[in-house]
Structures are given as C-alpha cells and as structure tokens.
Amino acid sequence: MDTYKSKMTLKNITQLLIFISFSVLIYIWRWLHIAPLPATWDQVDFVLAIDRYDLLAMQPHFPGYPYYILGGIIAHRWISDPGAALIIFNLIVMISSIVPLYGLARRYTTHAKGLLIVAGVHSTAYIWTLSAQPMAETSALALLIWYWWSLARASDTSAYHWQLIPLFVFSLIMGIRLSYLVFGVGILLLWTYDYLRGKAAGYSTRKLFARLLGLITWMLLFQSLWIIGLIMSAGDISGFIKMAMAFTGGHFNDWGGTASVSVIDLIQRLYTLIVHNLLWTGLAVQSYTLVLLLIISLIFIILSFRSVRWTPPDLFARWFAVMFVVYLIFAWLAQNIEKPRHIAPLIIMSIGVLCLLLIRNSYKQAWRHYASIGLILSLIGAQASAGVLLVKQQSDEQPAVYQLANRLLQLQADSAQPIMVYTWEETRVLEFLEVDYNHKRIYTFPFFLEETKAMGPRPIYITGKALDGFIQQGAELENQTQLIDTFHSDPLFDPVYAEIRLYRWVP
Amino acid sequence: MRQKKLWITMIMLLVLSLLLPAGAMAYSYGDPNKEDVAESFKEIVVELNQNPVDWTKAVAIYKTRRAEISSHFGEAVAHTLDINLADEDKEAFIANYKAVLGMNLERRFTYALKSFDDYADTKLLVAKAKGTYDVIKPYLPSSQTDELDTAFEVAYVALGNPGLFGVGEKPSDEAEFKKQTSFILDTIIPIFPYRGAKAPIEEQPIEKPIEKPVEKPIDQPTKSVEPVPAPTKEPIVEEPPADSTESTPVEEEPVVAETDPVEPIEEEVVLETEDNASTEIATNVDVENAATDNIAAEHAPMERTKKTNPLISIIVIAALIGVIGTALWMLRKRKLI
C-alpha cells in the first residue's frame, strides 16, 4: 500500500471534486427515479413488512431479512411511502460503500485511478435498476464491499480489533441477505491465515487455538443478534422453530416433485448463468453498445498482457478470487436461475476487477496508458447513461402486473357478477393493491376444475402462467380458453412476469 | 513452504464450502398456511368427481387422514365417513367432509383462544384455520366471502405483534378475536351440516341430527376457554344416554356429542356406547382414565407440546451469553486473546 501514497496536491483535490460531483449527480438522479410500487411477489413481501413484520404472513418471506426491514422502518419515519423508504435505505447504504471501495482500489492503484474504479463500479446500470426497487440485494451488496475491505485490512494486520470487524460486518450481511452466506468462506480463509501468521511469529499452538476460539465466539455473538431479533418477532423459540420447519418443509408439493437434475441441465444452467444473466443482463444491461465496449476492454487487457510490469496478486486478491468462484458455484447449483439479481455480487466483482485490470498503473508504453484511461472513461459514461435511461424507464413504466390489475378492474366493472381470477404469483401484487375482485393462486388443474364447478356460473379469468402450468400437467384445453389481452413491461426489471397473458375460461 | 500450506488449506476450504450449499442451503420457501385435512379434501373431491368415480384413490387419500379426523373430531365422525365411503355415497361423504372442515375451523380457533397469550402458537393455529377456510371458500355463497375475508384479517390483526427488535409492537385484543372468530364459525358451520351415520344397518332420520350439530359447536369456542373443567363436567351430562343405549328414542343424544370437535374425551364414551356391549359402558364411566389411555396420547400434540415459556427462553439465552462472556473474560485474563 505504501507504494501508492498520495499527497493533498491541487491535482488530487480536483480529481476528488470531479469524482464527488459525478457521484452526487448520479445519486440525485437515482433518488428522483425510484420505483416504490412493488411489482413482484418478493417486493410486496418487503413493503408489507414495514407496516407489520410478520414472517408467517410472508411479510417478508423466510428467512426474514431483519436488518433490511429495520433500516426500512427507520427510513419510514421520514419517508411516508414504505417502498420508497426501503429504496432510500438501499441508496444510503450504497453511497456509504464508496469509502471502502476506494480503500480497496487504493491497495492496487493510485488516487486518481482508484476514483475511476469506484466510479466504474458505482455506475453499473443493472445495480442502478436493482437499487431503485424495494429489494434487499443492493443493501447487502454495499455491505459486501465493506466486508471485503475489512477482510483486506484484517489480512494486513494481526491486531485483534481488525479481526473482529469482518465478523461484525458479516453478521450485518446475514441479517440482510442470508444467501450471501457462502461469502463466509472469506472468514475461514482469514482464520486459516491468521493461524499460519501466528505460527510464523512464533506463538504456541495452544495460544493460537485460544485466539481462534475467541474469534469464533465473537462470530456467534454477532450472528445471534439478528437471530434473537427474529425469534422475538415470532413470539418465542418453539414458535419460531415450528414456523421455520413449516417453511422449509416441502414447498414443491404443488408442483409434483422437484425438477430432476441432469448433467445437461447443469450445463444449460451454467450457460444461462454466465452468458445470459452475468454478461448480457448484469454487465451489459442487454445493450449492444455496452457489449462492444466490454469486449474491446477485454481484448485490450489481453493484448496488453505482455507490456505490463506484472506484480503478483496479494493475499486478499486470491481470497477475492476464491469468493468469486464459490459464489458462482453456489448460484449455479442452488439459486433460482430465472432471476439475474441472484448474481448481483458477481456483477460488481467482475466490473471492479475489469476496471482494475484495465487501468493498473504500470503500462510500459504511454499510449496504452492513455488508451486505457479513454476506455474506462467511455465505459463509465456508457454505463451511467444506460443507467440514467433505465432507472427513468423503470419509474415511468407501468409493470405488466399493474396493467393486468387495471384491466381486471375494468372487466369487473362491466360484469354483473363477481369475477374470479386465477393466477400464479401475480395474486400477491393484486392482494397488495386491494383490488375489489376475487383472485387466487392455483397450480393444480383438477383443483381448478373442481373450484370453478363449485362456484357456479360466473366469469372466470386465468393468467398465462397458470394456464401453462395446466398444460404441463396434461390438461387439454382446446376451445376452453379465449385470449383477452397481453401485457408487457421490460424483462430487465422483472424477467419472470414481464409478459402476462390474460384468458377467459369458457367451460 | 508456508505459501504451499496456505494454498492446500484454501482448496480444502473451497471443497468444504461446496459441500455446504447442497445440504444446508437447500432451503425453499414453503407455506405453513395450509391445513393437511383440508388439502386432502381437495384431492378427494377431484377423485370423486372423476367419471367414473375413482373410489379406490379417494379411499386411499382419506385413509391418510382418518387417524387425524378420528382423534380430533371423534371416532364417530371418522366412522360416519367410513360408512359414506363404503356406501359409495358421494354426496353424503363430501357434505360430511365439509362439515369436518367446519369442525376443524372451530378446533383451531378454540385452541387459539386457549393459548391466546402465546403469540407464536396462536398465530400458527389461526394460519391453519385460514388454510382450511381457503379450501371451503369456493363452496360458500359469494355474497358472504368478502365479510369472512375481512373477519379473518381483523382476527389475525387482533393477535397483536411483537414487532421487529421491539419496533412496531402492537397489543393483542382478545375480545375482538373472540368476536371475529365466532362470527366466522356462526357463518360457516350452518352452511355445512353434519349428518352422522349410525351402524350400517340402521337408517337414521335425517332432519334431527342436522339441526343439533349446527347449534352446538357455535357456542363451544366461547364456552370452553379453560381446558380443565370441560372434561370433568361433560361426562356427567353424558352418563344418562350411556345407560339407556337400548331404548331408541334417546339415541339422538350421542349424535350431538359426536359432532363436538373439541373434546375428544366424550367421543370415546360415545364410541363405546355404540360399538360395545352395555356392560362395558358401566366400567367406562370414569372417563378420565379411558381418555388418557387412548386418545390423549394421540391428541396431545395439539394441547400440550406448546408450553414453552418465553421467560425461560430468555433466561436460557441470557445464561448462554453469560457463559460465553465469562469464557471470553477468562481467556482475556489469561492473556490468550
């Protein structure tokens, strides 16, 4: 780190001011263009939790996200809309992550280039759209940056308090988004290193194990904070355990068993994960300009490989690589592949590393140096302008589910009898909107048939997702349905319910 | 050398962490707001409405729930359903099963009221009741479902909420909960009357049993808030009919008891009166023994497993933190940390 020490020169301060005004501008824009109306099942869960935290009623869904909701509740004291409160909390935590990100960048490069890397990461357009939704991801991402920085610091020094900070930040992350648990591998690496470091410094094994035991205890203490909060919100331990068991017990019964996993499935999943989710959606936000720029940058990095004074990666850089791979594998095998937001950590990790590789400070030729600066500036520019447009589009556009809700309101108004609507997850948003017609989630075709018979003659509507499910179960629906309308919104914001078809059931 | 060791450990950790997701992280978001007895009803109805009716499948699904129905609502109720199925009387079976769902609502609400101070349990019970309601909702007149939906919502809110880290705490309102749940029961139960079947040979007059079960369960939840007095009181009332099993006119009395979903103990008596010789009944007059032997064991999960005192939970946690803290302090003192 000492190699990159910088003084408070006029040039440095100017660079800092330019960076600050850039950040202020993009964050003001994002602040003005939030999308506080929940448009998916998960978002409704979060928004409802602000008014009443109740895991059993799925507000929010298991495992609870206690710190995120707490942050939202606190922000809700000033911001009356619960969705907006959650988003503002996202933005505040995200802004805070500028500090550790700069700290991390400065390990590897100079002041000005460090600022450029921070700008590169914070202008990632996909993260913009994500942070403007009432979802826990971006808050957790921002804390991940704090976590990486604290890990790096803890690897630099053996001072005890520096060993505790990663543990604390990690407990905050767990209280916001439990599926980032695999990043805990960083702590295991730190502990292993800490042990070897102690050994090298001549401490006895007994002493080192005692130190490790202390660290583990601290880890448990920090984690128990949010777990106790969760348990208290459920009433007591036995109630919480019962609820947890109930939630983790067979969710997929309705679907007729879980999908079988074959090697081809796994390869298909990996392809979707990396090419579609990470590269096309996450990094390029489905824009060809960004794809082009990213490819040029990559080619530039590869071609310049020989003209760089190579410094071997430090310890933290290797840990970072391990965490990347571990999370990639976790997302590949255990996460819902349909939703690109699950690989959000990989997006910022990739863009951060890309920016760093692009402008590391030791090019042998001057022209490469200027070319790299030009490339990163255009990358930042392209990302930020894509983000500006997307965030505005997201806040202006009416999600397909809302269009559906309005159309059904109209259908109900035109109908003398109460209508009945069968959906998949759309029902949660309809519930949130408190629409004045009946709606419910249905998976099983025979149940649907039985219910429609039981209710007698009344207009029955059904969404495309539910209908597709019936067809998968072997239902023959020739002449039984009549397409009423199709609703569209941008699949970037909600890949699963961006297109909703509405049918009328003709028994 | 040191470098090499570090790398080996890293790889080992990597492998370990890969094993972790497969087991521990395979969580899924399920739905505890579902009631098994009600979910099975949906499946059975589907089989019964096949053309031709698939009796074997219907019976198979019913069999998975029979023990539950028998222990919660009395052997007589299960027996009635058996007979309906044996007679291949689809209409009667469905009607009676709907009545069972009504009884189930009542059972859930009754126990919710009994453990009203235990927020975690009460909430689960009400969620189960809601799961039952969701299944019978299509069979209710659409004019009433809105009111019932609201009643469920208000009853649920009346349970209160401990908040998150104490933020957003809301008090509970037992009177409101009672009011809403009895409104729900008063509305739903008369719509799904129960028709008890006697022994296969005897054809019972239909009218009489219908009305009685309708009335009786309604005041039940408000009446039996306290679990203890009920069992001791009821057997005394039940004694006369037990003695006079042979005389036909009084036979309607046990039917009333059959429909009582709350107190399984009575059902045991009724069961004995029907199936066994009257000499045995005399010995069974001390109901409490018989009940604890037979039914209570099966029935216990509903009533007894739940009493985890929140105070004890807090003390345990506090003690745990205390022990950990002391251990830390000791280590510190010995200059190990």
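Here, the structure is the one placed above.
What this report covers is the structure whose coordinates are included nearby. The structure displayed is predicted, hence computed values, not measured ones.

Reading guide: rules and limits
Residue positions are counted from 1 within each chain, in the order its sequence is given. The naming scheme follows written order: chains are lettered A onward, ligands numbered 1 onward. Since the coordinates come from a predicted model, pLDDT governs what is reported: local features require at least 70, and pairs of side-chain atoms require 80 or more to be given and counted, while whole-chain, interface and lining totals use all residues. Hydrogen atoms and water are omitted, and side-chain values are computed over all heavy atoms in the structure. Grouping buried Ala, Val, Leu, Ile, Met, Phe, Trp, Tyr and Cys residues that are joined through side-chain atoms within 4.5 Å yields what is termed a nonpolar core. Only protein chains enter the calculation, and the probe is 1.4 Å; a residue is then buried if its accessible area is under 20% of its type maximum, exposed if over 50%, and partly exposed in between. Only runs of H or I of at least four residues qualify as helices and only runs of E of at least two qualify as strands under DSSP, and these elements are numbered from the N terminus. Contacts are assigned to residue pairs with any non-hydrogen atoms lying within 4.5 Å of each other. When DSSP finds two or more bridges between two strands, those strands count as paired. Between N-to-C directions, angles cover 0 to 180 degrees, with each direction set by a line fitted to C-alpha atoms, over the stretch in contact for helices. A pairing counts as a salt bridge when a side-chain nitrogen of Lys or Arg comes within 4 Å of a carboxyl oxygen of Asp or Glu. In the cavity and pocket records, a cavity denotes points on a 1 Å grid over the protein atoms alone where a 1.4 Å probe fits but cannot get out, a pocket denotes an open set with protein on both sides within 12 Å along at least 5 of 7 lines, and lining residues are residues with an atom within 4 Å of a point. Grid points are joined across faces, edges and corners, and a volume is the space filled by probe spheres set on the points. The residues that make up patches have over 30% relative accessible area and no salt bridge, and they are joined within 9 Å when like-charged or within 5 Å when they are Val, Leu, Ile, Met, Phe, Trp or Tyr. We get accessible surface area from the Shrake-Rupley algorithm with a probe of 1.4 Å; when it comes to residues, only the shown protein chains can shield them. Charge assignment in this entry is limited to Lys and Arg as positive and Asp and Glu as negative, and neither His nor the chain termini are counted. Charged groups are reduced to one reference atom each: NZ for lysine, CZ for arginine, CG for aspartic acid, CD for glutamic acid. Geometric relationships in this document are graded by angle, where less than 35 degrees denotes roughly parallel, more than 145 denotes roughly antiparallel, 65 to 115 denotes roughly perpendicular, and other angles denote oblique. Asp, Glu, Lys and Arg are counted as charged, while Ala, Val, Leu, Ile, Met, Phe, Trp, Tyr, Cys and Pro are counted as nonpolar; the rest, among them Gly, fall into the polar class. What qualifies as a polar contact is a pair of N or O atoms within 3.5 Å, subject to a donor-acceptor requirement within protein and to the restriction that residues adjacent in sequence count only when both atoms come from side chains.

## Description of the nonpolar core
Item 1. If you look at the biggest cluster of nonpolar residues, it comprises 184 residues, and the most contacted ones within it are A:Tyr147, A:Trp148, A:Tyr180, A:Phe183, A:Met323, B:Leu105 and B:Phe177.
Item 2. The greatest single-element share of this core, amounting to twelve residues, is contributed by helix α5 (residues 90-114) of chain B.
Item 3. Those residues in contact with B:Phe177 that lie beyond four places of it in its chain are B:Phe109, B:Ala112, B:Leu113, B:Phe116, B:Val126, B:Ala155, B:Ala158 and B:Leu159.
Item 4. Residues A:Val401, A:Leu404, A:Met420 and A:Ile442 belong to the second largest nonpolar core, which totals 40 residues.

## Some points on the sheet that holds strand β5 (residues 499-505) of chain A
All names here are of chain A.
Item 1. An order of β2-β1-β3-β5-β4 is seen for the five strands of this open sheet, with the pairing classed as mixed. If you trace the sheet from one side to the other, it starts and ends with β2 (438-441) and β4 (481-488), each paired once. Each adjacent strand pair in this sheet contributes to an overall mean axis angle of 20°, direction not counted.
Item 2. Where strand β1 (residues 420-423) and strand β3 (residues 460-463) come together, three bridges link them in parallel fashion.

## Overview of the pattern of salt bridges
Item 1. Here the structure, examined in full by the defined rule, presents 25 salt bridges over all chains.
Item 2. Note that A:Asp45 and A:Arg428 form a salt bridge whose closest N and O atoms lie 2.7 Å from each other. Highlighted residues: A:Asp45 in helix α2 (residues 41-51) and A:Arg428 in helix α19 (residues 426-433), separated in sequence by 383 residues. Of the two residues examined, A:Asp45 and A:Arg428, each falls in the buried class.
Item 3. Ionic pairing is found between B:Glu39 and B:Lys42, a salt bridge with its closest N-O pair at 3.4 Å. Remark: B:Lys42 and B:Glu39 occur in helix α2 (residues 36-48); sequence separation between them is three residues, near one turn of the helix.
Item 4. Since its relative accessible area comes to 14%, B:Glu39 is described here as buried.
Item 5. A cluster of three or more residues bridged by salt bridges with shared partners is formed by A:Asp42, A:Glu137, A:Arg177, A:Lys339 and A:Arg341.

## Some details on empty space enclosed by the protein
All names here are of chain A.
Item 1. What the rule picks out here adds up to eleven cavities of 30 Å³ or more.
Item 2. A volume near 200 Å³ is recorded for the largest cavity.
Item 3. Counting residues per element, the ones that place at least two in the lining of the largest cavity are α2 and α7 (125-131).
Item 4. The element best represented in the lining of the largest cavity is α2, accounting for three residues.

## Digging into a negative patch on the surface
Item 1. Residues B:Asp87, B:Glu88, B:Asp89 and B:Glu91 make up a contiguous surface patch of negative charge.
Item 2. Here B:Asp87 is to be found in the loop between α4 (75-86) and α5.

## Notes on the packing of helix α6 (residues 119-136) of chain B against helix α7 (residues 142-157) of chain B
Residue and element names in this part refer to chain B.
Item 1. Contact pair α6 / α7: the axes reach a minimum separation of 11 Å and the direction vectors enclose 170°. By the criterion of interaxial angle, the relationship of α6 to α7 is roughly antiparallel. Judged by residue contacts, Lys123, Val126, Ala129, Lys130 and Tyr133 of α6 engage Thr145, Leu148, Asp149, Phe152 and Tyr156 from α7.
Item 2. When the residues that make up the contact of α6 with α7 are grouped by side-chain class, the tally is six nonpolar, one polar and three charged.

## Quick word on the side chain of A:Gln394
Residues and elements named next belong to chain A.
Item 1. Tracing the backbone shows Gln394 in helix α17 (residues 366-396).
Item 2. According to the relative accessible area criterion, Gln394 is buried, its value standing at 8%.
Item 3. There is a polar contact of 3.1 Å between the side chain of Gln394 and the backbone oxygen of Thr129.
Item 4. Setting aside its immediate chain neighbours within four residues, Gln394 contacts Ala35, Thr129, Ala132, Gln133 and Phe493.

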